[in-house]
Every structure is written in C-alpha cells, then in structure tokens.
Amino acid sequence: MNKLGLSDGSARGDDSWLDEPVLVVNQKGKLLEVNAEYLVHDRSGRQVGSIREVGQSLTKKAISHNNRTRRFQVLDRDGNELISLTRPTVWLKAKMVVRGPSGREIGQIARAISFDYSRFKLEADGRTLGTIRGENGRQSDFSIRDESGAEIGRITRTYAGVLKEVFTKADHYVVEIHRPLEEPLRTLVMAAALAVDTALRQQ
C-alpha cells in the first residue's frame, strides 16, 4: 500500500515528495493562460512534481468565465497522477472533491463561513480534520491548522517581479509543513496547499 491508501497495482506514481517539509510552487509564465500550470520544487531547487489544470479552452473561459467546473491534477516528476481535484461550478455552495490516482474519493475542501479572510475546511468521512486560514486581504499568506487548532504548516506567497507579474501572471509561493502528517490529512493538506492558487484563490 502506498501513502494514499491504494494498492501497488492502483498507482505507480512517486508520492514521496509530498512528505517534503518545504515545497516551492512556481507558475509557468504565459501571456494567455488557458489551463493553469505550476511546477513544484523542493527546497534545493529540484523539480519534484507539477500541478496542471485540465479540460479548459478559450471558448469555455470566454463563455462561462468563473462559473464553470474546474479540474486539476497533482503529478509526480514523470507525469503520473497522484491527486485530482474537482472544483464544482457553484463553488460558494459546494465542496472541492479530492481523489487519489484510482479515482477513490479521499476527502473534500469546503469553504467555511468567515467574516474576515478566506477560510477552508479539510473534511473526510463527514469530519473536519483541519483548516486553511487566510491571514491578509491579498490572500497571499495562509495558516494550515489541524482539528485542535494547532498550526501544522504555512503557505507564503512571494512575487517574481513587477513586469513578470503584470504581463504573465507568473509568481511563486512556498508551502511549509511543520511535522509529518497521517492520512487522509496528509493528502488533503497537500492538495489544498498545492492548489491554493490554481483552484482555491485564482479568479
């Protein structure tokens, strides 16, 4: 069994990098972005994986703008799918579904009612295992907490430069996990952290 809880025959991807304490997520610079795509590096700069959006087109974006279902894949360095995320059309009233490589549902990421900054609940089997809480109005810094409220990680956004930010929307952010996590919290935390820009925050 691998860490996603699947038999060896269900998935052959290398998900060991999901245990890295520090990951840097860098958006590929594109003048006209259709499917969002990010590269993931460890703290030494080695590429370990990627995140990509699938199923979008210029026509879909032009017709439906933000009101459309969006799908994302977290991949290992060889392009094997480790995690898939589906954000439904009506995002404010629904939950993002997180699945393993076999298609089995692992849990969900749900918007939480908040009167200050963005907040998301990490849920599995009807139970809230943790939260991701925005810490400023720019939605650039997030605190990751377990069900007891203890901080277990952070997401910090840093910008690649004014010109690149304006013309290509390219930037990067750092994911820090303070301690090893058990499943399914491990996968839910990494899915939400890696997709905080592509799936949760990006408009």
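Note that residues are indexed from 1 along each chain, following the sequence as it is written. Per-residue local features are limited, in this predicted model, to residues with pLDDT of at least 70; the limit for side-chain atom pairs, both in listing and counting, is 80 or more; totals at the level of whole chains, interfaces and linings are taken over all residues. In computing side-chain properties, one takes all heavy atoms of the structure into account and sets aside hydrogens as well as water.

Engineer: Looking at this structure, how should I read the confidence of the model for the chain?
Structural biologist: Residues shown with low pLDDT carry predicted positions that ought not to be read at fine detail. Considering every residue of the chain, the mean pLDDT works out to 80; 72% of them sit at 70 or more. Confidence drops under a pLDDT of 50 for residues 5-11, and excluding neighbours within four residues, the segment shows 12 contacts in the predicted structure. pLDDT measures how confident the predictor is about each residue, on a scale from 0 to 100. Throughout, a contact is declared for two residues whenever any of their heavy atoms are within 4.5 Å.

Engineer: Got a minute to help me understand the side chain of His41 in this structure?
Structural biologist: Note on conventions: DSSP H or I runs of at least 4 residues are helices, E runs of at least 2 residues are strands, and numbering of each starts at the N terminus. Topologically, His41 is positioned in strand β2 (residues 37-42). The cut-offs for exposure are 20% and 50% of the maximum accessible area for each residue type, with area from a 1.4 Å probe on protein chains only; residues under the lower value are buried, those over the upper are exposed, and the others partly exposed. According to the relative accessible area criterion, His41 is buried, its value standing at 18%. The residues touching His41, leaving out its near neighbours within four places in the chain, are Val22, Leu23, Val24, Arg46, Gln47 and Val48.

Engineer: How do you make sense of helix α3 (residues 185-194) when you look at a structure like this?
Structural biologist: One turn of an α-helix holds 3.6 residues; hence residues three or four places apart share an orientation. The buried fraction of α3 is high, at 10 of 10 residues. Of the positions making up α3, those classed as buried are Leu185, Arg186, Thr187, Leu188, Val189, Met190, Ala191, Ala192, Ala193 and Leu194.

Engineer: What exactly am I supposed to notice about the pattern of salt bridges here?
Structural biologist: It is possible for side chains bearing opposite charge to pair when their charged atoms get close. By definition here, a salt bridge exists when the distance from a side-chain nitrogen of Lys or Arg to a carboxyl oxygen of Asp or Glu is within 4 Å. Evaluation of the coordinates by the stated rule reveals 11 salt bridges. Of the charged contacts, one joins Arg154 and Glu135 as a salt bridge, the two residues approaching to 2.4 Å between their closest N and O atoms. Taken together, the positions of Arg154 in strand β11 (residues 151-159) and Glu135 in the loop between β9 (127-134) and β10 (141-146) put the pair 19 residues apart, joining distant regions of the chain. Of the residues examined, Arg154 reaches a relative accessible area of 21% and is grouped as partly exposed. Residues Glu151 and Arg154 are paired through a salt bridge, measuring 2.9 Å at the closest nitrogen-oxygen approach.

Engineer: Help me understand the pairing of strand β3 (residues 47-54), please; the structure alone is not making it clear to me.
Structural biologist: Successive side chains on a regular strand alternate, one facing one side of the sheet and the next facing the other. A strand pair is defined by DSSP finding two or more bridges across the two strands. Note that β2 and β3 share five bridges and pair antiparallel. Across the sheet, residue Tyr38 finds its bridge partner in β3, namely Ile51. From the end of β2 to the start of β3, which pair antiparallel, there are four residues, and Gly45 there has a positive phi angle of about 95°.

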